[in-house]
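# Overview (structure and organization)
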Amino acid sequence: MSGRKAAFLDRDGVINVDHGYVVDPAALDFIEGAEAAIRRLNEGGYVVVVVTNQSGVARGYFTEVDVGRFHDHLRERLAAAGARIDAIYTAPHHPDATVPAYRADHPDRKPRPGMILRAFADLDIARDGSFLVGDKKSDIAAAEAAGIPGHLFTGGDLDVFMAGVLAAAALDPAPEGDR
Ligand SMILES: [Mg+2]
């Protein structure tokens, strides 16, 4: 089977501390071990893909441009630590949006798997060997809907957590087609 393995990461509460609608670059506080965890994934050959719901756009708190600016800053801070995110997918919609253009029960918004499915196609990612780490049940539901394992991160050091996830994955026998 073709395709690369990917690590899908939720953003708020996994990579950065979830202060609630984080968009100001000055409010970027990394979760303990986040940079090291992403570096570990880079070195392990994983495509690192962030999949993040940002309903603050739909609620009119900030714009997609603001979100992009935050993500530029996030990438710069990670680069300074020798870590790299390969792609970021954002779901700006919400069914109760105050901004009409974003009022939708959109297939990208977790717990729906749209962002993950798009990444599979865009980045030549295989389900086999890929997984997601998120801090909410909706993240895990999106992973399961996309056909990959979801691991619930409940706090602590993300790099320690990630090392455990990768160790467990290494013990899992590869599907026949990958041998
Ligand atoms: Mg989260």
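Up top you'll find the structure we're talking about.
Attention here is on the structure that accompanies the text. (Residues numbered from 1 in each chain as written. Predicted model: local features only at pLDDT ≥ 70, side-chain atom pairs only at ≥ 80, totals over all residues. Heavy atoms only, no water.)

Right, let's talk about the overall build of the protein chain for a bit. Summing up its helical and strand segments, the protein chain has six helices and five strands in all. The order of helices and strands in the protein chain, counted from the N terminus, is β-α-β-α-α-β-α-β-α-β-α. Here the protein chain has a C-alpha radius of gyration of 16 Å; the compact-globule value for 179 residues is 16 Å, and the two agree. Counting all 179 residues of the protein chain, 45% fall into the buried class. (Helix = DSSP H or I, 4+ residues; strand = E, 2+ residues; numbered from the N terminus. Rg over C-alpha atoms; globule rule 2.2 N^0.38 Å. Buried < 20%, exposed > 50% of the residue type's maximum accessible area, 1.4 Å probe, protein only.)

In this model, helix H3 (residues 64–80) (17 residues) spans 24 Å end to end at C-alpha, consistent with the 24 Å of a helix rising 1.5 Å per residue. Residues of H3 that are buried include every one of Val67, Phe70, His71, Leu74 and Leu78, and no others. Projected onto a plane normal to the axis of H3, the buried residues spread over an arc of 100 degrees and lie on a single side. Among the exposed residues of H3, those oriented more than 90 degrees off its buried face are Val65, Glu76, Ala79 and Ala80. Buried positions along H3 lie against helix H1 (34–43), strand E2 (47–53), helix H2 (55–58) and strand E3 (87–91). Among the residues of H3, the N-terminal cap falls to threonine 63, whose side-chain oxygen and the backbone nitrogen of valine 65 are separated by 3.2 Å. Where H3 ends, the next residue or the one after it, glycine 82, has phi of about 75 degrees, a positive value. (Expected span 1.5 Å × (residues − 1). Arc of directions from axis to C-beta. Contact = heavy atoms within 4.5 Å. Polar contact = N/O pair within 3.5 Å; in protein donor to acceptor, adjacent residues only side chain to side chain.)

A few words now on the pattern of salt bridges. Inspection of the entire model under this criterion finds eight salt bridges. Salt-bridge contacts for aspartate 86 lead to arginine 84; the nearest nitrogen and oxygen are separated by 2.7 Å. By relative accessible area, aspartate 86 is classed as partly exposed at 32%. Owing to a relative accessible area of 43%, arginine 84 belongs among the partly exposed residues under this scheme. Of the charged contacts, one joins arginine 112 and aspartate 105 as a salt bridge, the two residues approaching to 3.7 Å between their closest N and O atoms. Of the residues examined, aspartate 105 reaches a relative accessible area of 56% and is grouped as exposed. Salt bridges here are not isolated pairs; linked through shared partners, they connect Asp10, Lys110 and Asp139. (Salt bridge = Lys/Arg side-chain N within 4 Å of Asp/Glu carboxyl O.)

A separate point is the coordination of the magnesium ion. Within the first shell, the magnesium ion binds the protein through Asp10 (OD), Asp12 (O) and Asp135 (OD), at distances of 2.0 to 2.2 Å. For the magnesium ion, the donor residues sit on a single chain with the sequence spacing D-x1-D-x122-D. One end of the pair, aspartate 12, is in the loop between strand E1 (6–9) and H1; the other, aspartate 135, is in the loop between strand E4 (131–134) and helix H5 (137–146), with 123 residues separating them in the sequence. On the accessibility criterion, aspartate 12 (11% relative accessible area) is buried. Note on aspartate 135: relative accessible area 23%, which makes it partly exposed. (Donors = N, O, S within 2.8 Å, 3.2 Å for Na, K, Ca; no water.)

So, on to H1. The complete set of buried residues in H1 reads Ala34, Ala37, Ile38, Leu41 and Asn42. Buried residues of H1, seen end-on, are gathered within an arc of 145 degrees and therefore sit on one face of the element. Among the residues trailing H1, glycine 45 stands out with phi positive, at a value near 85 degrees.

Residues of E4 alternate between two faces, with Phe131 and Val133 on one and Leu132 and Gly134 on the opposite face, all of them buried. Sheet topology note: the E1/E4 ladder contains three bridges and is parallel. Its bridge partner lying in E4, phenylalanine 8 is registered against leucine 132. Relative to strand E5 (residues 150–152), E4 runs parallel, the two being bridged by three bridges. Across the sheet, the residue bridging to leucine 132 is glycine 150, located in E5. With respect to chirality, the unit in which E4 leads through H5 into the neighbouring parallel E5 is right-handed. (Pairing = 2+ DSSP bridges. Right-handed = clockwise from strand over helix to strand, strands pointing away.)

So, to be careful, I would describe these as geometric facts and stop short of saying anything about function.
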